[in-house]
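# Remarks on the overall topology
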Amino acid sequence: MRRFYLYFLLLVFSTSLASYTFGQQQVEAAALKSAWLEHFTKFIEWPNITDSTSHFLITVLGQDNFDGYLDRIYAQRKIKNRPVLIKYINAPEEINDCHILFISSNMKKHLSSIINLVNAKPILTVSDESGFAEQGVMINFYKENNRLSFEINISNAQSSELDMSFRLLELAKIVRKNE
Amino acid sequence: MKTIRNLSISTKLTLIILLVTFFALLSGLILYMISAVNQQKNDFTNSMVVNANLIGEYSIGPIMFDDKRGGTDILNKLKGIPEIQTAYIFDSTGNIFSSYNTDKVKVNGFPAFSKDESVAFGSSVMEIYEPITLAGEYYGTIYLNVSTNVLESKIKEQFLLLVGVSAGILLLSWVFAHRIQVLISKPLLRLTDAAKRVSADNDYSVRVNKKNNDEIGILYDQFNEMVKQIESRQAQQKANEAAIKKSVEKYRNLYENSQVGIYRTDVETGRLLEANDAAYRILGLKHGSKIEMSKLYINSNERSKIKSIALENGYIDNYEVKLKRPDNKVIWVSISGKLFDNNQYFEGVIHDITESKENFINLKKANFELDSFVYHASHDLRSPLLSILGLVNLSKYETDPEKLHEFMAMIKKSIQKLDALIADLLVLSRDNRIDDAIQTIDVEKQVKECISNYDFLKGFSKIDITVNVEADYTFVSDLTRLTIILNNLLSNAIKYHRKDIANPFINVSVVIKERTCEIIVEDNGEGISKDDLPKIFDMFYRATQNSEGSGLGLYIVKNVIDKLDGSIKIESKEGEGTRSIIILPNHASSHKLIPSKTTIN
């Protein structure tokens, strides 16, 4: 019930409020992106999530663009039926085992090294900067016709240990890694 | 039901087979259609639910990421399923997320929102609500509006196909039934034909040829056996009938051709029930007459007499009864017979015994006559002999020659009398025994000769004798007998003329006709008294004491005339005269005939 309530709230944000003030739009986009992270997990299986896994780990690398929505949403919400732990780091070196790694746009310089670092691991990489997907981030948010969308780097998604549902792929714009 | 019953067996069998096939097909068809319809409906529903599920699965992402175009894209994939007319994706709040409808269908309004899974059928339409869930979380609902026209037409098509196949099977089974029923109906029809032939032509030599060993085969055997028995019985019956017919004919002939009358009467009424020809002839009745027998009896109480005898003994033996027939002929019959059927009927034989009865009466008369003759003859023969004996005894003691001479004369007279009597007796005997040949007679000559024979008699010369003959035809008869008649009549007329009158006469008149000869002798002599007149033809009857005759004269005349089939009538008045009329048959026209009256014994 509670979840529905939240959804309701989210939808209210996403459909009505978000449409006419820029500031509000920004806020609303941050909330949407925070919510979508959970949505992505519905279509993705992590091989390292087992019965002994106690928490679902989200690591935000670099500048936090979620305006605190992430903490607020996942304070109550569970992902994969587990409580969510959110860690904010600023250096690629700090990257440890997590389930979702959000790479901020200010990590552009380190992107390839970050990708290389996590590529072999069952970590879903998410970003919000155009061109990031082409460089190896699995899911990248972008705006199209004033509407939030996402693109998926199919090459990286496929090469990773993650099992990504084709239904997610259908919803995304598919990009391939630049060779 | 009666029309069905009157159908031929082959039609009935065909009908039965067809009916069974029809109902088997019908029940199969119905069962199959029910299960097929259910199956198809289930399949159809299931496939549509699966479609809804799939669409729901695919819609989760678009709903999650608010990708309405993606939702529309997914719904547009439904174009491949033409039965789905409209489809909606509701989000979890009941708002329409995406919609789809085929070009063909116009959608009026929107379907109601429901979170619950349901399948509902409307008219040619199925509505499916399928919730969209993922990992137990509700995201929205898929609504499908599916046309069931295809399903219905499919079912209809299938139904028509099945009906067609059934009709085909029915047709085939008709053909088979038609072939198969022959197995049963043909032997039966053969039997029917045989039975028809037997009854129509009475031909019991008909046999049916057995081919199977089933119940019909047994029926054939029984039929053959039955017909065989009938045939042999019929042959037996024919033989019996022929024997009976022969026997009946034999007895009928015996009955009908019998000279003895056989008849049958009802005891209660005395009515004649049936009789053979002889009985009718004897009784003088028309053939088939049902007269009451008692009406024929002359003595009316004979019936009760016969009845009481019959009831007492149970039979009648030679009961003689005198009858008067309807033609007034009086006859004597003898009846013998028995009672039958609890004394209801009398069956008897009847003899006409009239002749023997007459013969018996004649015999009695003859016997009486013989007695009387012996008495009179012995008396008349004895009396001259006794007078002669007396005269002889007297003459022993008489010496006077005169007296003796007188005695002798008296003896002579007695002897002459005796001789005359014996002569008469000879004539009589002769008349009874001998038939002389007939010849042409000159009656006038005979009369005159006869008269001249008596000219010696006393007073002859005084009598005026006239003879008148009218002879238009010749007269043929027995001369001897005619002479006897003439002699007796003329001698009587001469002998008994009256001596005291002055003109005694005798008139003899003869008229000869073609078939008769009438002789009338008339005199004015003594005549005969009224008392004597009926007895004058009796034997030995003498009318007068002073008669010298034998008393046989007129008896002989009567006998002779009877012999000649003639008739005599004597009219007389005492003291006035006598007239004798004799009519004799003239045999001139049938010359060769001899009067044929046999001698009475």
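Residues numbered from 1 in each chain as written. Chains lettered and ligands numbered in written order. Predicted model: local features only at pLDDT ≥ 70, side-chain atom pairs only at ≥ 80, totals over all residues. Heavy atoms only, no water.

Locating Tyr58 of chain B in the fold gives a position in helix H2 (residues 9–64). In this structure Tyr58 of chain B comes out as partly exposed when scored by relative accessible area, which is 28%. Ignoring anything within four residues of it in the chain, the contact list for Tyr58 of chain B reads Phe166, Arg167 and Glu170 of chain A together with Ile74 of chain B. (Helix = DSSP H or I, 4+ residues; strand = E, 2+ residues; numbered from the N terminus. Buried < 20%, exposed > 50% of the residue type's maximum accessible area, 1.4 Å probe, protein only. Contact = heavy atoms within 4.5 Å.)

Let us now look at the side chain of Arg498 of chain B. Residues and elements named next belong to chain B. Mapped onto the secondary structure, Arg498 falls in the loop between helix H11 (479–495) and strand E14 (505–512). Summary of buried charges: Arg498 has no salt-bridge partner, and the nearest side chain of opposite charge, Asp500, is 4.9 Å away. Within polar-contact distance, the side chain of Arg498 engages the backbone oxygen of Asn524 at 3.0 Å. A polar contact of 3.3 Å, which involves the side chain of Arg498, links it to the backbone oxygen of Gly525. Arg498 has contacts with Pro504, Asn524, Gly525, Glu526, Gly575 and Glu576, leaving out every residue within four places of it along the chain. (Lys, Arg positive; Asp, Glu negative; His and termini not counted. Salt bridge = Lys/Arg side-chain N within 4 Å of Asp/Glu carboxyl O. Polar contact = N/O pair within 3.5 Å; in protein donor to acceptor, adjacent residues only side chain to side chain.)

Residue and element names in this part refer to chain B. By the bridge criterion, seven bridges tie E14 to strand E15 (residues 516–523) in an arrangement that is antiparallel. Looking at E15, one finds that Val511 is bridged to Glu518. The antiparallel pairing of E14 with E15 creates a hairpin that spans three residues between the two strands. Summarising the sheet, E15 and strand E17 (residues 577–585) pair through eight bridges and their orientation is antiparallel. Opposite Cys517, over in E17, you have Leu584 as the bridge partner. (Pairing = 2+ DSSP bridges.)

The final tally for this structure, using the stated rule, is 22 salt bridges over all chains. Between Glu38 of chain A and Lys42 of chain A there is a salt bridge, with the nearest N and O atoms lying 3.5 Å from each other. Linking Glu38 of chain A with Lys42 of chain A, this pair stays in helix H2 (residues 22–42), spanning four residues, or about one helical turn. Judged by its relative accessible area of 4%, Glu38 of chain A falls in the buried class. Between Glu571 of chain B and Lys569 of chain B there is a salt bridge, with the nearest N and O atoms lying 3.8 Å from each other.

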